[in-house]
Amino acid sequence: MYHRKIPVGSLWEPEYHLELPEGKSLSGSFPRAQSSEEVKLRSALCQQSPTKVSCKGVGLLKLPKELGQGVKFLELSNNFIQNLSGSSMTGFEQLEYLDMCFNQLEAVSTTALAQLPQLRSLLLGSNHLDRNYLANGQAFRLLRNVEVLDLSANNLDSHMAGWYIHNLTRLRVLDLSRNKMTKLLAGIFQSTPWLRELHLSNNYIMEIEEGVFEALEELEVVNLALNSLHCISGFSLTQLRVLNLSHNALELFTSEEGAAAPYLLQVLDLSHNRLLYFPELPKVHYLTHLNLSNNLIASLLPGSHHPGEFVLHYKEMARFNRTLHTVSALTHMADLDLSNNRLQLFPFTFFHSLGSLHHLSMAMNCLQDVARESLTSSMEPSDHTPAPPEHAALSVHSLDLHGNAFRMLPPWFFSALPQLEMIDLGSNSLQPCESQGGNLGGTCTPFYNVPHLKHLSLYKNNITRLHPYAFNQTSLLSLDLSGNKDLFMPKEALGGLEFSLQKLSLRGNQMDNSKAELPCLGTLKVLDLSGNNLSFLPTGLFCSPLESLDVRNNQLLMLEKPALMSWSRSLKDVSITGNPFSCCSLAWLDMLQAAGVGVLDLDEALCIYQDESSNFSAKIASSPQWLCPHPNDTSSLALLVVMMSLFFLSCGACCLLKKGQKSPGFAGLQSNSVGVLPHHPKREEPAEARPADSVTKV
């Protein structure tokens, strides 16, 4: 059975990865003709089972005959086979699946295909079937039982493609992607009425003639991405479930008016086009995923006039209805992507009828304010209008508004999103309010008392100060405050998150020790402090059960022992590069390694060695302890100097006493001693060496 996966929001598109045997290349000369012994040797590299054989990328020039007899599954991709002749297919009468993608195939004989009556799947992508296409297409008439056919990347134009599939009446899946088709001709699919999946992506299709899909009553999946279509009018494929029209040049998308049968469309991808408006969708359908990202949509408000930006003029514009009454039918919509457009207002009431909407993205637009529909059906800015009624609340769970121009959100915003759990407000200009101080002149956004919100991102909002209890009674699990340069965060700023916050990012804020005060966060597991100016870790962290810590690019000389002891059972990994650690104070690193903590960037981490004349760095992983003085070197060295001095003074005193007695035995010892200076009778001993009694007492 042939299976394909269709990911949410887009269509599955077949991908082929070229894997050639060692020493082989598609560029340059081809391998020389192989002898029978070489063919057997190549065949021995194939993986075999009673019914399946895989000879993928073994350098074959022709089919191995000895692999037949009962084989149903044969994979010959990534070889150098040029011809499929009758003699080569002997013994493969039971074959049901044949994969010959990425070969040099250019000729398929009638006698070869006549020997494959059981063939169900034929994959011939990335070959040269544009050559000899008339003879090859005639041979394809014998493929009466084929249900899956891959002719992608064969340099086929529209006529060649039509010739190949003519009379394949049982075809269910057809892949014509990555060819050179410029038009879908009427009648091209006339003889394939059972087609369910049609892949036409990455061609040059500019026109679809009327009636092309009329015979395809079973068609469910169509992929027309990466073509050159400008207009889709009279969309009438009621049985279609997945349609991908991304990466075209569409300016207009309208549906057929008065369609009798209900539309079954579930996934529609119109991203990367030139749409100026929300598309006019069928009134009755089951659409769940709609991707309108990377278009030119400037407004979602009813009655807005188009700015005359159509590149081409279409006769369908005369009946183009822009009242957006069709939006009320989107009752099953779960995922809507409007990112990378030109929207300036967040039209709250536009989404009221989308009762199943869970994921909404309006990132990378020009949004400045939240608009709601007033009693006069006009749209007004949020700071002059009351909150919408409770029945107008949205069902959105995840909202992406990053990369806009918001300066504030109205106080009722989160109340009107009672199911919101995740919101990305990065790259805006929002300032959090103080929970006890109210809305400071309408210039800040209240993020407190939002009990349902779990994940909040405020990265790159130019926040310079967090007020006390800014997130009080908002049980956040994750909070991203990264990219807010010189952020000042007093200890009370995160008050109220002590028993909920699990992930915190303060990355790239250039905060010093006085600006990064943290309370005791009893549930914090992941912390990112990279890109700051910290010389020691905030003491409030010592009670946190951290599992992952990132302190890269700070001013840390070491990681404090109390912190490491408190994290000894929880910490799993740390990142440390970019700190001026001392090479002679790495006991903290030993503690980490003894506790089994993974230092993710240990091989790149450096430490600094300092001596009297210069400083230089070395890799921490190389353990440069030999560069460092012995522990307690000052006191030990001083004691050693004193003891050595006393020893030599004692020896000198003894020598003087012996010399005064003129003992013959002493003279004999002196003459045999090693390294003793010769005696000079006229040289006086220094005054410091004379008090022998004091030395002897010692």
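Look above for the structure.
Fair warning: this is a prediction, and the values are worked out from it, not measured in the lab.

Peer 1: Sorry, what's going on with the overall build of the chain here?
Peer 2: Each helix and strand counted, the chain has nine helices and 35 strands in total. Here the chain holds 698 residues, and 46% of them are scored as buried. Restricting the contact set of the chain to residue pairs at least 6 apart, pairs at least 24 apart contribute 55%. Only carbon and sulfur atoms are counted for the fraction: they give 54% of the accessible area of the chain, which is about 34400 Å².

Peer 1: Would you take a moment to explain the nonpolar core for this structure?
Peer 2: Generally speaking, soluble globular proteins have nonpolar side chains that are buried together. Ranked by internal contacts, the top residues of the largest apolar core, which has 161 residues, are L336, F346, F351, F413 and F471. Per-element tally for this core: the top contributor is helix α4 (residues 158-165), with four residues. Ignoring any residue separated from it by four or fewer positions in sequence, one finds F351 in contact with L300, L336, L338, F346, L357, L360, M362 and L394. Y97, C101, F102 and V173 belong to the second-largest nonpolar core, a separate cluster that totals six residues.

Peer 1: What's the story with the layout of surface pockets in this structure? I'm lost.
Peer 2: Leftover empty space is mapped by rolling, across the atoms, a probe with the size of a water molecule. When its volume is computed, the second largest pocket comes out at roughly 870 Å³. In this structure, the second largest pocket is lined by 30 residues; those nearest its centre are I208, E209, E210, S233 and G234. Where the lining of the second largest pocket is concerned, the elements lending two or more residues are β12 (207-208) and β14 (231-235). A total of five residues in the lining of the second largest pocket trace back to one element, the largest contributor, which is β14. Its residues placed into classes, the lining of the second largest pocket shows 16 nonpolar, six polar and eight charged.

Peer 1: What exactly am I supposed to notice about unusual backbone geometry here?
Peer 2: What you tend to see is this: most non-glycine residues have negative phi, and most peptide bonds are trans. Even without being a glycine, N155 presents a positive backbone phi close to 60 degrees. Here N155 is to be found in the loop between β8 (148-150) and α4.

Peer 1: Looking at this structure, how should I read the side chain of N404?
Peer 2: Locating N404 in the fold gives a position in the loop between β24 (398-400) and β25 (422-424). On the basis of relative accessible area, N404 is assigned to the buried category, the value being 10%. A distance of 3.4 Å separates a polar side-chain atom of N404 from the backbone nitrogen of C366. At 3.5 Å, the side chain of N404 and the backbone oxygen of H402 are in polar contact. Among residues more than four places away in sequence, those in contact with N404 are M362, A363, M364, N365, C366, L367, S427 and N428.

Peer 1: How do you make sense of the pattern of salt bridges when you look at a structure like this?
Peer 2: When their charged atoms lie close together, side chains carrying opposite charge are able to pair. Inspection of the entire model under this criterion finds six salt bridges. Residue E209 is joined to K183 by a salt bridge in which the shortest nitrogen-to-oxygen separation is 3.9 Å. Here K183 lies in strand β10 (residues 183-184) and E209 lies in the loop between β12 and β13 (221-223), a separation of 26 residues in the sequence. You can call E209 partly exposed: its relative accessible area is 24%. Residue D550 is joined to R552 by a salt bridge in which the shortest nitrogen-to-oxygen separation is 2.6 Å.

Peer 1: Just checking my understanding: could you explain the pairing of strand β34 (residues 606-610) for this structure?
Peer 2: If a strand is regular, its side chains alternate between the two faces of the sheet. Residues C607 and Y609 line the buried face of β34, whereas the alternating positions L606, I608 and Q610 sit on a face that is not buried. As defined by bridge partners, strand β32 (residues 581-582) adjoins β34 across two bridges and the pair is classed as parallel. What sits directly across from S582, in β34, is I608. Bridging between β34 and strand β35 (residues 615-619) involves five bridges; their strand directions are antiparallel. Its bridge partner being in β35, Q610 is matched across the sheet by N615.

Peer 1: Explain the environment of L216 here, please?
Peer 2: As for its position among the elements, L216 is in the loop between β12 and β13. When neighbours within four sequence positions are excluded, L216 is seen to be in contact with F189, T192, P193, L195 and Q239.

Peer 1: Would you take a moment to explain the environment of G68 for this structure?
Peer 2: Turning to its location among the elements, G68 is positioned in the loop between β2 (52-54) and β3 (73-75). G68 gets classed as buried once you look at its relative accessible area, which sits at 9%. When sequence neighbours within four positions are dropped, the list of residues in contact with G68 reads G91 and F92.

About the criteria used
- Residues numbered from 1 in each chain as written.
- Predicted model: local features only at pLDDT ≥ 70, side-chain atom pairs only at ≥ 80, totals over all residues.
- Heavy atoms only, no water.
- Helix = DSSP H or I, 4+ residues; strand = E, 2+ residues; numbered from the N terminus.
- Buried < 20%, exposed > 50% of the residue type's maximum accessible area, 1.4 Å probe, protein only.
- Contact = heavy atoms within 4.5 Å.
- Areas by Shrake-Rupley, 256 points an atom, 1.4 Å probe, with all protein chains shown as cover.
- Core = buried A, V, L, I, M, F, W, Y, C linked by side-chain atoms within 4.5 Å.
- 1 Å grid on protein atoms, 1.4 Å probe; cavity = no way out; pocket = protein on both sides within 12 Å on 5 of 7 lines; lining within 4 Å.
- Points joined across faces, edges and corners; volume = space filled by probe spheres on them.
- Nonpolar A, V, L, I, M, F, W, Y, C, P; charged D, E, K, R; others polar.
- Polar contact = N/O pair within 3.5 Å; in protein donor to acceptor, adjacent residues only side chain to side chain.
- Salt bridge = Lys/Arg side-chain N within 4 Å of Asp/Glu carboxyl O.
- Pairing = 2+ DSSP bridges.

Worth remembering: the numbers are spatial, not functional.
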